[in-house]
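Inside the fold
So you can see what is in the structure, the chains are spelled out below.
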Amino acid sequence: QKEVEQNSGPLSVPEGAIASLNCTYSDRGSQSFFWYRQYSGKSPELIMFIYSNGDKEDGRFTAQLNKASQYVSLLIRDSQPSDSATYLCAVNLYTGANSKLTFGKGITLSVRP
Amino acid sequence: EAGVTQSPTHLIKTRGQQATLRCSPISGHTSVYWYQQALGLGLQFLLWYDEGEERNRGNFPPRFSGRQFPNYSSELNVNALELEDSALYLCASRRQYSPGNTIYFGEGSWLTVV
């Protein structure tokens, strides 16, 4: 099983719709979870992170974490064409003084005008 | 505040040569991470440096190496370049005890091996 798995894409939604991006992880010891957005040819930029079960909202973005089920999701409300990008889920696992941040392969979102 | 800066932006090398990529972290950040992003593949963890020491290493051969300098900047060296080393190399930095241990990426260095 891959450490961090994301839905195979691409995902296409109409402008104004809610885009739902999902991610599962294999290591129950994982402690913090991140969503990055990467435009084509650019570097990843942090959207938000979450480390407690439940929802975390930031503007049009809501991250949801369920540690019991080992999944984290990102909801994008009122999707805009400018949201079209690849979204990367990342999971951080701490072991003593060590830290390992593992990324999923990403899912490409296309928002249709 | 300046972000993570990387140089060069683009680099073209011949198979068998060596490449050196450089990274300056955000001011106040002490940890530097290196990732490789090859076409069609996700971000693959290469190396993590903290306080001048190598803390963790991904599943890459020893010809991928690096170091971190006293000012926390870092360089990544790739020896005996192979065609499959062609990729975007991303550097990221983190402040010690940052919320969630968040890392911030630079714009990357595109390495093309011909």
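Coordinates for the structure precede this section.
In what follows, the accompanying structure is described.

Thresholds applied
- Residues numbered from 1 in each chain as written.
- Chains lettered and ligands numbered in written order.
- Predicted model: local features only at pLDDT ≥ 70, side-chain atom pairs only at ≥ 80, totals over all residues.
- Heavy atoms only, no water.
- Disulfide = S-S within 2.5 Å.
- Helix = DSSP H or I, 4+ residues; strand = E, 2+ residues; numbered from the N terminus.
- Buried < 20%, exposed > 50% of the residue type's maximum accessible area, 1.4 Å probe, protein only.
- Salt bridge = Lys/Arg side-chain N within 4 Å of Asp/Glu carboxyl O.

All names here are of chain B. Per the stated rule, a full pass over the model turns up 2 disulfides over all chains. There is a disulfide in this structure between cysteine 23 and cysteine 91, and the S-S distance comes to 1.8 Å. When the S-S torsion is -65°, as for the bridge of cysteine 23 with cysteine 91, the disulfide is left-handed. Here cysteine 23 is found in strand E3 (residues 19-24), whereas its partner cysteine 91 is found in strand E9 (residues 87-94), with 68 residues between them in sequence. Judged by relative accessible area, which is 2%, cysteine 23 ranks as buried.

Once that is clear, we can look at the pattern of salt bridges. All names here are of chain A. A complete count under the given rule lists 7 salt bridges over all chains for this structure. Note that arginine 37 is salt-bridged to glutamate 45, the shortest N-O span being 3.2 Å. Of the residues examined, arginine 37 reaches a relative accessible area of 16% and is grouped as buried. Overall, glutamate 45 belongs to the partly exposed group, its relative accessible area being 33%. Aspartate 83 is the salt-bridge partner of arginine 60, the closest N and O atoms lying 2.9 Å from each other. Highlighted residues: arginine 60 in the loop between strand E6 (54-58) and strand E7 (61-66) and aspartate 83 in the loop between strand E8 (71-76) and strand E9 (85-95), separated in sequence by 23 residues. The partly exposed category is assigned to arginine 60, whose relative accessible area is 26%.

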